[in-house]
Amino acid sequence: MRLPDSIPPDMGAFNNFETEMFKMSAKKYHSVLISEYGKVWIRIALIIFMGFLISGAILDFRFYILSLLWLCIIIPLTFSFLYFFYGLRLINVLNPTTHKIIFRPDRIILKMYLQQKKAKDKNQEEDEEENENVMERQFDFAYESINQTKSGIDGVTFFFGQGKREFLWIPYTAFPSDILNLEHFPESLLKQ
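Fair warning: this is a prediction, and the values are worked out from it, not measured in the lab.

## Here we look at the overall build of the chain
Within the chain, the secondary structure is distributed over 6 helices and 7 strands. By residue count, 34% of the 192 residues in the chain fall in the buried class. For the chain, the accessible surface area stands at approximately 12400 Å², while carbon and sulfur atoms represent 57% of it.

So, in structure tokens, the structure goes:
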């Protein structure tokens, strides 16, 4: 998808539309976490691991033990740090849930849908559909809070806040087809 050189002044087609319901897969969620936030940490951990490994071959066998300690304890702790520090932020947690996004002229509205199953009563026989309760929760984000936007192979990623600590991913398949087929995709969605 190519970015337009100039955006036409009439942006009315982009102001009021909503995406289909979607959710981010766990594999995609962790790949975004690692690629956006973990590159530096993983590189540092691997450099230290390689240093211990080479030192074990050249200097002393005990450095092999340190490299195994680093590989089995420190590197998994690095991944857990990434998950707890970045993956559990509010906007990041919304990605793997079922939701849809509504674009308005002044803000983005995210509607999250959660299904709660009621406990079955032994005396009461009900259908499965009656036993489920769908809960809806709404979050509003101003366009000004979007720090950066990246378009990838399979979707658009919005980064919020200082230092890109929170992200919201939208697959291209969730956008309405008339929005994607337009020659001028909104610059507010794809500013690089």
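## Some thoughts on helix α3 (residues 62-87)
Between its terminal C-alpha atoms α3 stretches 35 Å, which fits the 38 Å expected from 26 residues at 1.5 Å a residue. At Trp70, α3 shows its strongest bend, of approximately 35°. Taken residue by residue, α3 has Ser67, Trp70, Ile75, Thr78, Leu82, Tyr86 and Gly87 as its buried positions.

## A short note on the packing of aromatic side chains
Under the criterion given, the structure shown has 15 aromatic pairs. Between the aromatic rings of Phe61 and Tyr64, the centroid separation amounts to 5.6 Å while the plane-to-plane angle is 65°, which identifies the pairing as edge-to-face. Taking relative accessible area as the criterion, Phe61 reaches 56% and is therefore assigned exposed. Taking 6.3 Å as the distance between ring centres and 25° as the angle between the ring planes, the aromatic pair formed by Phe103 and Phe175 counts as stacked. Separated by 72 residues along the polypeptide, Phe103 in strand β2 (residues 98-103) and Phe175 in the loop between β7 (166-171) and α6 (177-181) bring together distant segments of the chain. Look at Phe103 and you get buried, because its relative accessible area is 0%. Residue class for Phe175 comes out buried when judged on its relative accessible area of 4%. Taken together, the aromatic side chains of Tyr29, Tyr37, Trp41, Phe81, Phe85, Tyr86 and Phe167 make up a single cluster linked through ring pairs.

## Some details on the confidence of the model for the chain
Close reading of the predicted structure is inappropriate where its pLDDT is low. Residues at a pLDDT of 70 or more form 74% of the chain, whose mean pLDDT is 78. Element-level pLDDT for the chain is lowest in helix α5 (residues 128-131), with a mean of 52, against a maximum mean of 91 in helix α2 (residues 26-58). Across residues 1-13 the pLDDT falls below 50, and counting only partners more than four positions away or on other chains, this stretch makes 15 contacts in the model.

## Focus on the nonpolar core
In terms of nonpolar packing, the biggest core is built from 21 residues, with Ile101, Phe103, Leu110, Phe141, Phe158 and Ile170 touching the most fellow members. Breaking this core down by element, the ones donating at least two residues are α4 (90-94), β2, β3 (107-117), β4 (132-142), β6 (155-160) and β7. Contacts of Leu110, omitting those with residues within four sequence positions, involve Leu94, His99, Lys100, Ile101, Arg137, Gln138, Phe139, Phe141 and Leu168. Of all hydrophobic cores here, the second largest spans 10 residues; its members include Tyr29, Tyr86, Phe159 and Trp169.

## Describing a nonpolar patch on the surface
The grouping of Val40, Trp41, Ile44, Ile48, Phe81 and Phe85 at the surface amounts to a nonpolar patch, some 510 Å² of accessible area in total. Those elements that place two or more of their residues in the nonpolar patch are α2 and α3. If one sorts the elements of the nonpolar patch by residue count, α2 sits on top with 4 residues. Relative to the helices and strands, Ile48 resides in helix α2. When its relative accessible area of 31% is taken as the criterion, Ile48 is described as partly exposed.

## Side note on the sheet that holds β6
The 3 strands lie next to each other as β5-β6-β7, forming an open sheet whose pairing is antiparallel. What marks the edges here is a single partner per strand, and that holds for β5 (146-151) and β7. With direction set aside, neighbouring strand axes in the sheet form an average angle of 20°. Inspection of the sheet shows β6 paired to β7 by 6 bridges, in the antiparallel sense. Looking at β7, one finds that Phe160 is bridged to Glu166. Its contacts with the sheet put α2 on β5, β6 and β7, and the angle it makes with β7 is roughly 130°.

Rules and cut-offs
- Residues numbered from 1 in each chain as written.
- Predicted model: local features only at pLDDT ≥ 70, side-chain atom pairs only at ≥ 80, totals over all residues.
- Heavy atoms only, no water.
- Helix = DSSP H or I, 4+ residues; strand = E, 2+ residues; numbered from the N terminus.
- Buried < 20%, exposed > 50% of the residue type's maximum accessible area, 1.4 Å probe, protein only.
- Areas by Shrake-Rupley, 256 points an atom, 1.4 Å probe, with all protein chains shown as cover.
- Expected span 1.5 Å × (residues − 1).
- Bend = angle between axes of the 7 residues up to and from the residue.
- Phe/Tyr/Trp six-rings, centres within 6.5 Å; stacked < 30°, edge-to-face > 60°.
- pLDDT = per-residue confidence, 0-100.
- Contact = heavy atoms within 4.5 Å.
- Core = buried A, V, L, I, M, F, W, Y, C linked by side-chain atoms within 4.5 Å.
- Patch = residues over 30% accessible without salt bridge, like charges linked within 9 Å, V, L, I, M, F, W, Y side chains within 5 Å.
- Salt bridge = Lys/Arg side-chain N within 4 Å of Asp/Glu carboxyl O.
- Pairing = 2+ DSSP bridges.
- Axes fitted to C-alpha atoms, helices over the stretch in contact; angles between N-to-C directions.

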